[in-house]
Structure formats: C-alpha cells, structure tokens
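One-letter residues, chain by chain:
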Amino acid sequence: MKSRPIASAALALLAVGAALLSACGDSSVAINSTAIPAATGKTASIDVVEIDQAAHLLYVADRTDQGVDVFDIASPRARYLQTIAMPASPNGLAIAPELGRLFVGTSNGSVVIVNISTSSTAFGSVISLVKSGGHSVDLLDYGAARQRVYAANSGEGKLVSIDASTGAVMATYTLGAVRLEQPRFDPADGMLYVTSPDADTLYRIDPSAGLLKDKFTLGGCKPVGLAINPTTNKALMACHKYTLAFDLGAGKLIGTFPLGNSDIVTYDSNVDRFFVASLPHAQTPGSVGIFGGNPISYISSAVTNISGNSAVYDETNRVVYTPDVKAKKASLAGFAIPVPPSGWLAFLSVAWPYALILVVGLLLFTFLMRSADPIRRPVPALKRDARAVTQPKAVDRPQQA
C-alpha cells in the first residue's frame, strides 16, 4: 500500500518534532578562551569568579596556583594580567567597588583584603588578613548599604560580619553544626540570607539586631548557590538536582526548574538575568542556565561543554564568563549571551515545534481515517479449493488425411 511510507515518514517526523521540542531553549555557543599561565599543565581547581563592571576587571579564585587571577575585560576577549598570591587556597570572592577592595575567603580561615583601586600604585597588594575564627572561609557577599562583608565558615555553621573599611569583625552568627554555603545581603528588606545544604534550609538573619529571624526548609533542595533580585525581593537557588525560585517577602517557594548539578548563582540587574553554571553530568553537558529576573523564568541554557561552577556577565561587552578547568589547559571561557528573538521571530521560535507536531498528527489522523474506510480496504483474494480443480481431459481429434 502507498500509505505505509507516508505513515512511517509521519512517525519519524513526530519523533523528531518531540525531540526538538524537548531540546527547545538549549543552544551551543562559540567559546573564546584565555589561558591561565600559572595553571598550564596542571589539574585546575577554580571556584568563584567575580567582576568589577566599572573597572573592566575580572577576578578568579584559583586554587591551582593559590592565588587570584586578574583579567582585563575591556574588550570582548579577556586578557590575563597577573595572579595575586594568597596565603592559602582561595574560595569565595566579593568586591566593594566604592572602596577599591577585593575580599577573598581562604581555606586557612582568613578573609584577605586586597587593594584593587585602579588609581593606586599598590594595586594587587594585600591590605590585611582578617581571622574569621573558623577553620575555613568559603563563600562571601558584600552589602554596600552597611559596608559589610559576610563570610561563611563552610563546615562550622558560622557566619561572620566584617566591616569592609576597617576589617574589624563586627558579629558572628552561629547557626548550628551545619555546612553553610552562599550568604547574600538583600538591600530590599535589609536582611541577610544564607543557604545550608546539610539542613536543607534557607536562613534569614537581621544583621542590625543580630538575630536569626526565620528558617525556611526547602523540601529536598539542599541549596548551595543563591542570588537575589532586590527589585522584586525574589531569589534563585541552585539545588542538588534542580533550580528553585523563592519569594523572600512571602517566605515561600514559587517555582522549580530542571537544571541541576549547579553551584554558584549570580544576578545582573543591568539585563535582569540570573546566571547558573551547571557542571557536566550523566544527563547533560556543561552549560550556563539563563533565567529571567522579573518574573523568574527559565530562558535558555548556553551549552559550553566545559566544567565551570560559576558564571558572571560583562555588561559592557555582553559576554558571559565561566572558568574552564580542562585538564592541563585551564582557562577563562567567554561567550556572547544568546539574544532571544523578539516579535514574530519570538513567536515562531516557540511555536514551530508545536506546529510541526500538529501537522504530523493531522497526517497520521488522515492516514488512520483513510485506512478505516471500508471502500479503501483491499478486496481479499478468492480462495481456491484444490480438490475442486480438475485437469482438462484430452480430447481425441480425428486425424486429417
């Protein structure tokens, strides 16, 4: 029957359409890489990347060379400048741009304060070391409203508040024998938030009063990274197996997204985007998830095929940067932020997979209806009974003379 090839083709198109629909929103991006000289030929270990938008400088916490790598990002391709030596392996980074200072959390329990004022002849020099009172300092955040640096002692359940100007420890918050990850100061409500994967909890602290205000359990999220949109007072958290949106004002979960195996989350108000670096795992390659900030919504995943657990956005050149810890070839990877289509292109980019599936579905429906029509059914061949068939008898014909 001629309809069989049509049906097979329709089924194939349906499968392709479904696959395209499931992959909709993911896109491979062109990567440009800037090598990290001190990490060449070594197995790299890189944690946080932080950006100074006004100075066009980017900083990388590089455990491989026990320092902070500095890059010039004035152009669309980063240029390596130098490595600032640290007394121990660096973890978290935070910048106080108005003070010209970089804060580095290190594995020996200290927060290193570095001069990053571009007008200073002492750029890159260590100003002081602040002892946190813990064994190791992991992630940091800077709250400009109070000029405070908040440092998490990763395995001891302690959070330290440091005066960014003087380096004095102003307060220590003890939250229990749990691992703490990302502290974030929220200028919208003046509260301090910190994640704990061990407790599966988001803590809310009033830094002015020095009190723990709330504990929000997250139902299996096990949060690590956290970033806040202060305009809406809503946050995005990196969970163990997915990404979670949370309304800080209402104290409730508002959405989950299937992007997992992530660590650091950053937010850029200039483009109203969250960036979530997702490490490669069994189901997906390395990528950077891009989320809208208001409302919080999944936009796309830029497939990088590299291992980078943090990502930041350069507002000047519209480039996303993430570390590449490829064996013996560590580098800073950059790619242009995917620009979503607008107008009719935006509609078509979303609607065409559905339209394809609809067309294929109509073809299959038409095929099935035609096959069910009795008129179009093939006439069965007549069966012949072998016993009823007799061979013709030979007829004697008179011979002609």
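Along each chain, residues carry numbers from 1 onward, in the same order as the chain's sequence is written. Side-chain atom pairs in this predicted model are given and counted only at pLDDT of 80 or more, local residue features only at pLDDT of at least 70, and totals for whole chains, interfaces and linings cover all residues. Side-chain measures here rest on the full set of heavy atoms in the structure, leaving out hydrogens and waters.

Digging into the pairing of strand 19 (residues 226-229)
- Note on exposure labels: buried denotes an accessible area under 20% of the residue type's maximum, exposed denotes more than 50%, and partly exposed covers the range between, all computed with a 1.4 Å probe on protein chains only. Helix and strand definitions here come from DSSP, where helices need a minimum of 4 consecutive H or I residues and strands a minimum of 2 consecutive E residues; each element is numbered from the N-terminal end. Neither face of strand 19 is open: one carries Leu226 and Ile228, the other Ala227 and Asn229, and all of them are buried.
- By this definition, two strands are paired if DSSP reports at least two bridges between them. The pairing of strand 19 with strand 20 (residues 234-238) spans four bridges and is classified as antiparallel. In the sheet register, Ala227 faces strand 20, and the bridge partner there is Leu236.
- Counted along the chain from strand 19 to the antiparallel partner strand 20, the turn is four residues long, and its residue Asn233 has a positive phi close to 60°.

Notes on the sheet that holds strand 19
- In space, the four strands of this open sheet follow the order 19-20-21-22, with antiparallel pairing throughout. Because the sheet does not close on itself, it has two edges, and the strands there are strand 19 and strand 22 (252-257). Each strand of the sheet is rotated relative to its neighbour by a mean of 20°, with strand direction disregarded. Axis definition: a line fitted to C-alpha atoms, over the contacting stretch in the case of helices. Angles run 0 to 180 degrees between N-to-C directions.

With respect to the environment of Leu244
- Mapped onto the fold, Leu244 is located in strand 21 (residues 243-247).
- Note: C-alpha distance between Leu244 and Pro223 (21 residues apart in sequence) is 8.7 Å.
- For this analysis, residues touch if any pair of their heavy atoms sits within 4.5 Å. Setting aside residues no more than four positions away along its own chain, Leu244 makes contact with Leu218, Cys221, Ala235, Leu236, Met237, Cys239, Leu253, Gly255 and Thr256.

Quick notes on the packing of aromatic side chains
- Ring geometry is summarised as follows: Phe, Tyr and Trp rings, the Trp one being its six-membered ring, pair when their centres sit within 6.5 Å, and such pairs are stacked at plane angles under 30 degrees, edge-to-face over 60 and tilted between the two. Tallied over the full model, the rule gives seven aromatic pairs.
- With centroids separated by 4.7 Å and ring planes inclined at 45°, the aromatic side chains of Tyr267 and Phe274 adopt a geometry described as tilted. Note on accessibility: Tyr267 and Phe274 belong to one class, buried.
- Plain terms: the ring middles of Phe291 and Tyr298 are 5.5 Å apart, the flat faces sit at 70° to each other, and that makes the pair edge-to-face.
- With relative accessibility at 31%, the residue Tyr298 sits in the partly exposed group.
- Among the aromatic residues, those joined into a cluster by ring pairs are Phe257, Phe291 and Tyr298.

Here's the deal with the sheet that holds strand 12 (residues 148-153)
- What the four strands build is an open sheet, ordered 11-12-13-14; its pairing is antiparallel. At either margin of the open sheet sits one strand with a lone partner, and together these are strand 11 (137-143) and strand 14 (169-174). Going from strand to strand, the sheet's axes swing by 20° on average, the running direction of each strand aside.

Observations concerning the pattern of salt bridges
- The working definition used for a salt bridge is a side-chain nitrogen of Lys or Arg within 4 Å of a carboxyl oxygen of Asp or Glu. For the structure shown, the criterion picks out eight salt bridges.
- Here Arg179 and Asp198 are joined by a salt bridge, their closest N and O atoms 3.7 Å apart. Of this pair, Arg179 sits in the loop between strand 14 and strand 15 (183-186) while Asp198 is found in the loop between strand 16 (191-196) and strand 17 (201-206), placing the two residues 19 residues apart along the sequence.
- Measuring nitrogen to oxygen at the nearest pair gives 3.7 Å for the salt bridge that ties Lys234 to Asp247. Of this pair, Lys234 sits in strand 20 while Asp247 is found in strand 21, placing the two residues 13 residues apart along the sequence.
- Overall, the relative accessible area of 25% leaves Lys234 in the partly exposed class.
- Each of the salt bridges in this network shares a partner with another, and the network as a whole consists of Arg179, Glu181 and Asp198.

Observations regarding the side chain of Asn115
- Along the chain, Asn115 turns up in strand 9 (residues 110-115).
- The class of Asn115 is buried, set by a relative accessible area of 11%.
- Nitrogen and oxygen atoms within 3.5 Å of one another constitute a polar contact, given that in protein one can donate a hydrogen and the other can accept it, and given that sequence-neighbouring residues count only through two side-chain atoms. At 2.9 Å, the side chain of Asn115 forms a polar contact with the backbone nitrogen of Ser117.
- If sequence neighbours within four positions are ignored, Asn115 has contacts with Gly100, Ser120, Ala122, Phe123, Gly124, Ser125 and Ile127.

Digging into unusual backbone geometry
- In this structure, the amide linkage connecting Asn294 to the following residue, Pro295, adopts the cis form with an omega of 0°.
- Inspection of the secondary structure assignment puts Pro295 in the loop between strand 25 (287-293) and strand 26 (296-303).
- For Gln147, which is not glycine, the phi dihedral falls at a positive 50°.
- For Gln147, a relative accessible area of 27% gives the class partly exposed.
- Notably, Arg318 is not glycine yet its phi reads approximately 55°, a positive angle.
- Tracing the backbone through its elements, the reader meets Arg318 in the loop between strand 27 (312-314) and strand 28 (319-324).

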